Amino acid sequence: MHEWFVLANALFAILLIVLLIIYFKVNPMIALIAGPLYLGLSSGLGFGPTIEAITDGFGDLMGKIGLLIGFGVMIGAFLHRMGAFQQVVRLLVRTFRPTQMPYAFATILTAIFPPIYTDVLLLMSAPLARATAKRIGGDALPKMAGAVGVGIYLALTMVVPGVAALALSAVLDVELGTMLLVGLAIAVPTVFLTLWGFHFLLRRGFWNPETDELPDDQAPAVVAAEVRDEDNAVPLKLSLLPIIVPLLMIATGALDRALDLDIPALAAVGNSTFALFCGLVLAFVIARFTVPAQDRSGAVTDAFKESGQILLLTGVAGSLSAVVATTGLGDILSGYFSANSAAPLLLVWVVAAILHIAIGSVSASAITAASMLAPALHSLDVPPVLVALAAGSGSLFLVHVTSNTFWLMQTTFGMTLRGTLKTLSLPVSLASVVSLLLILAASAIF
């Protein structure tokens, strides 16, 4: 089969997914099965091998990250019930000046709280961000809203154990310790550069309260996610242990491999599944002595409810990788990109951006884009971790009305549609571009 046909057919499979979702209003999970199904059949694989590849792709990805996602979401649910996030915000308010608060807020969301599911973290952070904005005054509302959006989405896509970051590391066989360290190295500077650019626009009159904010009498009544009050909250140092300990364990394993120490104990400690399991056990133990039984039960229920949808959509997106691997697309792409390290990064970013605009799911679009290059990575002169981060970066471009988070943002911050586009779609898209530039710079160095 001519290589140009293989390339065009693969691109049409991506286009088919987009068309099914946008024009035919097909559920993304069904569309993400239809795309690989078409690609396999049109490439001459046959019905049986195509279905087998789709099934194996789902199973392989779930085998790599199913437990990790489950553990991470459950840890996040316990942190929520312990009131960890609220205590961190109160500490930030006491520590930083008003002009520093958006940067500190976004950095904390990016670096410390990635296990909490996106919408849950938004419901927790938005009321506190609004309260902080009222205390600061001026144009603090758009600044804090932008910080929340940028922080949450960077945590989701680039920082382990963010759901999309876990999935991308599995699709591209990136060791989680490497994903954690390099992801933080890209995500944290992206926070500062993005917010600096966004604040520059705000100083130029970009925000208009009359058209971008809802009047007080029209603003929806928003109830914050149930949290414990300050007097009854679990001590901060204790409540953060379930996330800090596993991250330190994973980072230790990454350093062991990077320095070629080959110490069995460090390798065992750095195993990502074991590290997150230890974090979950810590969460259970701490909650057992500090959180009422009803709250503990509620945390487990919340985690099961949230992780089911995440696992299904993530696993289905992984099916494309298995089908692509059988069509020979990887060898073709490696031939085109072997001499240029920037080209595959740009390709995966563009595909992820287009898919996200259509699908509205950050994780699914990032995984689908990364799946195109996964079979070719062995012959490309570019670190797989950068391809993973480029896919995550592209999937952030233009968060808009197809995303549930978009409408939650509007409701929780009391903004108009125009205001939400300014404080979520724009800064997160800016973060997408900024992170791509940092990733390209890293590829030139390494």
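The structure presented is a predicted model; accordingly, all values stated were derived computationally and were not measured.

**A few points about the overall build of the protein**
Reasoning step 1: Along the protein, the regular secondary structure elements total 21 helices and 0 strands.
Reasoning step 2: Taken against the 2.2 N^0.38 rule, which gives 22 Å for 446 residues, the C-alpha radius of gyration of the protein at 22 Å falls within 12% of a compact globule.
Reasoning step 3: Principal-axis analysis of the C-alpha atoms places the extent of the protein at approximately 65 × 55 × 40 Å.
Reasoning step 4: Taken over 446 residues, the protein has a buried fraction of 56%.
Reasoning step 5: Counting only contacts in the protein whose residues sit at least 6 apart along the sequence, the fraction spanning at least 24 positions is 81%.
Reasoning step 6: Of the roughly 17,900 Å² that the protein leaves accessible, carbon and sulfur atoms contribute 66%.
Reasoning step 7: Taking the average place of the 20 positive charges on the side chains of the protein and the average place of its 25 negative ones, the gap between the two points comes to 12 Å.

**A word on the packing of helix α3 (residues 47-82) against helix α8 (residues 163-171)**
Reasoning step 1: Contact geometry of α3 with α8 gives a least axis separation of 9 Å together with a crossing angle of 155°. Judged by the angle between their axes, α3 and α8 are roughly antiparallel. For the element pair α3 and α8, the recorded crossing hand is right-handed. Taking contact as the criterion, the partners of Leu61, Lys64, Ile65, Leu68 and Ile69 in α3 are, on α8, Val163, Leu166, Ala167, Ala170 and Val171.
Reasoning step 2: Across the contact of α3 with α8, the residue classes tally to 9 nonpolar, no polar and 1 charged.

**Thoughts on the pattern of salt bridges**
Reasoning step 1: Counted according to the given criterion, the structure contains 5 salt bridges.
Reasoning step 2: The salt bridge involving arginine 81 is made with aspartate 295; its shortest N-O contact spans 3.6 Å. Here arginine 81 is found in helix α3, whereas its partner aspartate 295 is found in helix α15 (residues 293-327), with 214 residues between them in sequence.
Reasoning step 3: Relative accessible area serves as the criterion here: at 15%, arginine 81 is assigned to the buried category.
Reasoning step 4: When the shortest N-O distance is used, the salt bridge between arginine 418 and aspartate 212 registers 3.2 Å. With arginine 418 in helix α21 (residues 417-445) and aspartate 212 in helix α10 (residues 209-212), this residue pair connects regions lying 206 residues apart in the sequence.
Reasoning step 5: The class for aspartate 212 is buried, based on a relative accessible area of 0%.
Reasoning step 6: A single salt-bridge network, built from bridges that share partners, covers Asp212, Arg418 and Lys422.

**A look at helix α5 (residues 101-111)**
Reasoning step 1: The buried fraction of α5 amounts to 10 of the 11 residues, a majority that puts the element mostly inside the structure.
Reasoning step 2: Residues Met101, Pro102, Tyr103, Ala104, Phe105, Ala106, Thr107, Ile108, Leu109 and Thr110 constitute the buried set of α5.
Reasoning step 3: Where α5 is buried, its residues meet α4 (84-95), α6 (118-136), α7 (140-158) and α9 (176-203).

**Comments concerning the environment of leucine 373**
Reasoning step 1: With respect to the element layout, leucine 373 can be found in helix α18 (residues 362-373).
Reasoning step 2: Taking the C-alpha atoms as reference points, leucine 373 and alanine 8, 365 residues apart in sequence, are found 15 Å from one another.

**Remarks on the packing of aromatic side chains**
Reasoning step 1: As enumerated under the stated definition, the model contains 7 aromatic pairs in all.
Reasoning step 2: With a centroid separation of 5.9 Å and 50° between ring planes, the pair formed by phenylalanine 71 and phenylalanine 277 is classed as tilted. With phenylalanine 71 in helix α3 and phenylalanine 277 in helix α14 (residues 272-290), this pair connects stretches of sequence that are 206 residues apart.
Reasoning step 3: A ring pair is formed by tyrosine 103 and phenylalanine 192, whose centres lie 5.5 Å apart and whose planes are at 15°; its orientation type is stacked. Taken together, the residues span a long stretch of sequence, with tyrosine 103 in helix α5 and phenylalanine 192 in helix α9 at a distance of 89 residues.
Reasoning step 4: The aromatic ring of phenylalanine 289 is capped on one face by arginine 288, whose charged end is 5.8 Å from the ring centroid.

**Brief notes about the environment of alanine 126**
Reasoning step 1: The residue alanine 126 is located in helix α6 in this model.
Reasoning step 2: Look at alanine 126 and you get buried, because its relative accessible area is 0%.
Reasoning step 3: Remark: the alpha-carbon pair of alanine 126 and valine 148, spanning 22 residues in sequence, is separated by 7.3 Å.
Reasoning step 4: The contact partners of alanine 126, leaving out residues within four places of it in the chain, are Thr412 and Phe413.

**Observations regarding unusual backbone geometry**
Reasoning step 1: Note the cis peptide between valine 160 and proline 161, where omega equals 5°.
Reasoning step 2: Relative to the helices and strands, proline 161 is located in the loop between α7 and α8.
Reasoning step 3: A positive phi angle is found at aspartate 173, which is not glycine, with a value near 55°.
Reasoning step 4: When you line up the elements, aspartate 173 lands in the loop between α8 and α9.
Reasoning step 5: At leucine 398, a position not held by glycine, the phi torsion is positive, near 60°.

Rules used in this analysis
Residues numbered from 1 in each chain as written. Predicted model: local features only at pLDDT ≥ 70, side-chain atom pairs only at ≥ 80, totals over all residues. Heavy atoms only, no water. Helix = DSSP H or I, 4+ residues; strand = E, 2+ residues; numbered from the N terminus. Rg over C-alpha atoms; globule rule 2.2 N^0.38 Å. Buried < 20%, exposed > 50% of the residue type's maximum accessible area, 1.4 Å probe, protein only. Contact = heavy atoms within 4.5 Å. Areas by Shrake-Rupley, 256 points an atom, 1.4 Å probe, with all protein chains shown as cover. Lys, Arg positive; Asp, Glu negative; His and termini not counted. Charge placed at Lys NZ, Arg CZ, Asp CG, Glu CD. Axes fitted to C-alpha atoms, helices over the stretch in contact; angles between N-to-C directions. Parallel < 35°, antiparallel > 145°, perpendicular 65-115°, else oblique. Left-handed = near helix turned anticlockwise from the far one by under 90°. Nonpolar A, V, L, I, M, F, W, Y, C, P; charged D, E, K, R; others polar. Salt bridge = Lys/Arg side-chain N within 4 Å of Asp/Glu carboxyl O. Phe/Tyr/Trp six-rings, centres within 6.5 Å; stacked < 30°, edge-to-face > 60°. Lys NZ or Arg CZ within 6 Å of the ring centre and 35° of its normal.

Bear in mind that shape data such as this cannot, by itself, settle questions of function.
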